[in-house]
Amino acid sequence: MALLTRIRGPRDLDRLSPEQLDQLADEIRSFLVDAVSKTGGHLGPNLGVVELTIALHRVFDSPKDKVLWDTGHQSYVHKLLTGRQDFSKLKMKGGLSGYPSQAESEHDVIENSHASTVLGWADGLAKANEVLKKDDHVVAVIGDGALTGGMAWEALNNIAAAKDRPLVIVVNDNERSYAPTIGGLANHLATLRTTDGYERFLARGKDILERTPVVGKPLYETLHGAKKGLKDFIAPQGMFEDLGLKYVGPIDGHDIEALESALTRAKRFGGPVIVHCLTEKGRGYQPALQDEADRFHAVGKIHPDTGLPIASSGADWTGVFAEEMVALGKERADIVAITAAMLQPVGLDKFAKAFPERVFDVGIAEQHAAVSAAGLATGGLHPVFAVYATFLNRAFDQVLMDVALHKCGVTFVLDRAGITGTDGASHNGMWDMSILQVVPGLRLAAPRDADQVRAQLREAVEVTDAPTVVRFSKGAVGPAVPALRRVGGMDVLREPASDRPDVLLVSVGALAPMCLEVADLLDRQGISTTVVDPRWVKPVDEALAPLAERHRVVVTVEDNSRVGGVGSAVAQALRDAGVDVPLRDFGIPPRFLDHASRGEVLAEIGLTAPDIARQVTGLVSRLDNRFETSPKAVEPARD
Ligand SMILES: Cc1ncc(C[n+]2csc(CCOP(=O)(O)OP(=O)(O)O)c2C)c(N)n1
Ligand SMILES: CC(=O)[C@@H](O)[C@H](O)COP(=O)(O)O
Ligand SMILES: [Mg+2]
């Protein structure tokens, strides 16, 4: 790492020769494989942008110029070149974030990681430059996948209209999101890629043409003068140029000199310009290149030589869903599946293999996925849209107005619900049970184990006149948690030790084993506890209020924001039923949580059995005192 360790900031790149730049690129690739194999992270995307990032930081002057990364999962090389070379705790508590982070560096302008936002940011920053008469440059790097998102096109519509407002858009085209990028735009990029493009044509032919005179002028100049006609002749670049965006490309995204030349021209252009760069995801790392499914988009810890995972992963929530979908697909021809560019991560790859004509990848387009699902349902099918919980946030209005209002039987399967941890604030699935509470008619299931995933998915797809949601966590699914009996639609997981029970503990989803532990701890304090799993947390089960009435305290535990989640819904249902039992709700505080492991985050926010048991014990003892002495306020819930 002779060169890399000497790069303290982007300007250290200026003095490197072309040969040294190539050596630096090699060093960075070795560094990435070595470092990310130890921690996990986004390996493939970063291996693909090594030369592009070097060229960007040589041509532009960050942080004066603003370099923005769409999604931000490909910002590791940018981190390395901007003074952050300790990757030993990447994505871990106290270590580097897996995405750009303002707290880490003045070179990180935006903290994204939900895709397709960068052009909106760039548009705003460019407008601010114009209003404030600043000459800083704004450069937005967006992948071909992120470019499928509707927000990107809303921004382009604005950007293209301002012909004199400088803004450089770098399209990092590696032909892939996880799997190959789909749709008309991807097809258009493919045409630009495979046709002998204008820039490539000029670069290759420049020498020859300059030597070929045509009526007194070199042919190169003649052709360059008539460039629009020539471009249309060589490659159908119509779409971007017709929108009003200058198009430069396609450029070999691994040729630093070609990249610098294109970026320098774009920088000088004085209006909106697209630089179309062709890169290879996983570049230089054989295990990634051989993995057709996703080119090592995001890996756990791996053996650096083979790319094989270090820990063998046991059964996980996604896998259980994946298998049940195939079983359901065999039984019901009307079941179809939708993914927003994440076929494999959400477990729909198996369904796609079994029923290729019944799965739709819509691109990174969650809003469209929801509306398209409404259309599929209205057309007579039952769509299952599997999506990470955090990414459904984007489609709230569509769930409300298109699916629910139209009484469409659409099932939303929310993977990665609850604390995911290492991907930081944006990737925790902690809002779904709050925002979806307000959707009329919507039914929401939080299965506690694999059996319940299967059972509740089946119950969900039976509903034909309303949206249903099934949400589960990231990672390994725990052992089965058996029910003792059913009350209404709820499972009783534990009976109280006394016939005058103290606490009704309402356990949501995967937190059931922890809630049973809480009950054990309370028992040891002489506090008898019933544990119930409502299974369907929306609407609140009618059997809950009468059950609550037989206890002294109701406690709810959920891995969702405390604001507006299951606890709030239960409290409201009890009030509505006239049940006057004190309620204490445990959940995720309504703040953005730093990246750390799931366990560390849960400990930090007090979502652990000892923490909950301690607080409930305090609450019960205060209630005892209240009855014995004067009334005391119940301790307010912790944020
Ligand atoms: C709104 C949203 N939906 C889904 C994702 C998950 N996701 C992260 S990266 C990615 C693919 C991005 O493809 P591209 O922009 O081409 O970048 P590449 O990884 O190919 O460099 C997806 C679907 C996300 N981050 N945000
Ligand atoms: C950038 C992004 O949104 C995804 O790549 C995400 O980081 C993957 O998360 P998982 O590792 O949980 O699939
Ligand atoms: Mg891509």
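In this text, all values refer to a predicted model and were calculated from it rather than measured experimentally. (Residues numbered from 1 in each chain as written. Chains lettered and ligands numbered in written order. Predicted model: local features only at pLDDT ≥ 70, side-chain atom pairs only at ≥ 80, totals over all residues. Heavy atoms only, no water.)

## Some details on the packing of aromatic side chains
So the rule is basically this: Side-chain rings of Phe, Tyr and Trp (the six-membered ring for Trp) are treated as a pair once their centres are within 6.5 Å; stacked means planes under 30 degrees apart, edge-to-face means over 60, and tilted covers the remaining angles. Only DSSP runs of H or I covering at least 4 residues are called helices, and only runs of E covering at least 2 are called strands; the numbering of each starts at the N terminus. A simple rule labels every residue: compare its accessible area, found with a 1.4 Å probe on the protein chains alone, to the largest value its type can have, and call it buried under 20%, exposed over 50%, or partly exposed in between. Placement of a positive charge over a ring is assigned whenever Lys NZ or Arg CZ falls within 6 Å of the ring centre and within 35 degrees of the normal to the ring plane.
All told, the structure shown has 10 aromatic pairs when counted by the stated rule. On the numbers, 5.2 Å between centres and 85° between planes, the contact of phenylalanine 31 with phenylalanine 87 is edge-to-face. Here phenylalanine 31, found in helix α1 (residues 18-39), pairs with phenylalanine 87, found in the loop between α4 (76-81) and α5 (118-132); they are 56 residues apart in sequence, far enough to count as distant. For phenylalanine 87, a relative accessible area of 3% corresponds to the buried category. An aromatic cluster is defined as three or more aromatic residues linked by ring pairs; in this entry it consists of Phe31, Tyr76 and Phe87. Positioned above the aromatic ring of phenylalanine 355, the side-chain terminus of arginine 358 is 4.2 Å from the ring centre. Looking at arginine 584, its charged tip hangs above the ring of phenylalanine 586, at a distance of 4.0 Å from the centre.

## Structural notes on the coordination of the magnesium ion (ligand 3)
In plain terms, the rule: For Na, K and Ca the donor cut-off is 3.2 Å, while for other metals it is 2.8 Å, and in both cases only N, O and S atoms qualify; water is not among them, so sites may look incomplete.
Around the magnesium ion (ligand 3), the protein contributes the donor atoms Asp144 (OD), Asn174 (OD1) and Arg176 (O), which lie 2.0 to 2.2 Å from the metal centre. Within one chain, the residues donating to the magnesium ion (ligand 3) are spaced in sequence as D-x29-N-x1-R. Just as asparagine 174 is buried, arginine 176 falls in that class too.

## A few points about the sheet that holds strand β17 (residues 529-533)
Operational definition: DSSP bridges decide pairing: two strands pair if at least two such bridges lie between them. Note on definitions: angles span 0 to 180 degrees between N-to-C directions of axes, and those axes are lines fitted to C-alpha atoms, for helices only across the stretch in contact. The contact rule is simple, with two residues in contact once any of their heavy atoms fall within 4.5 Å.
The mixed open sheet is built from six strands, whose spatial order is β14-β15-β17-β16-β19-β20. Strands with a single pairing partner mark the edges of an open sheet, and in this sheet they are β14 (485-487) and β20 (583-588). Taken pair by pair, the neighbouring strands of this sheet meet at an average axis angle of 30°, ignoring direction. Sheet topology note: the strand β15 (residues 490-494)/β17 ladder contains three bridges and is antiparallel. Residue pairing across strands places arginine 494 opposite valine 531, the latter belonging to β17. Each of β19 (553-561) and β20 is contacted by helix α23 (residues 566-576), which is oriented at about 145° to β19, the strand it contacts most.

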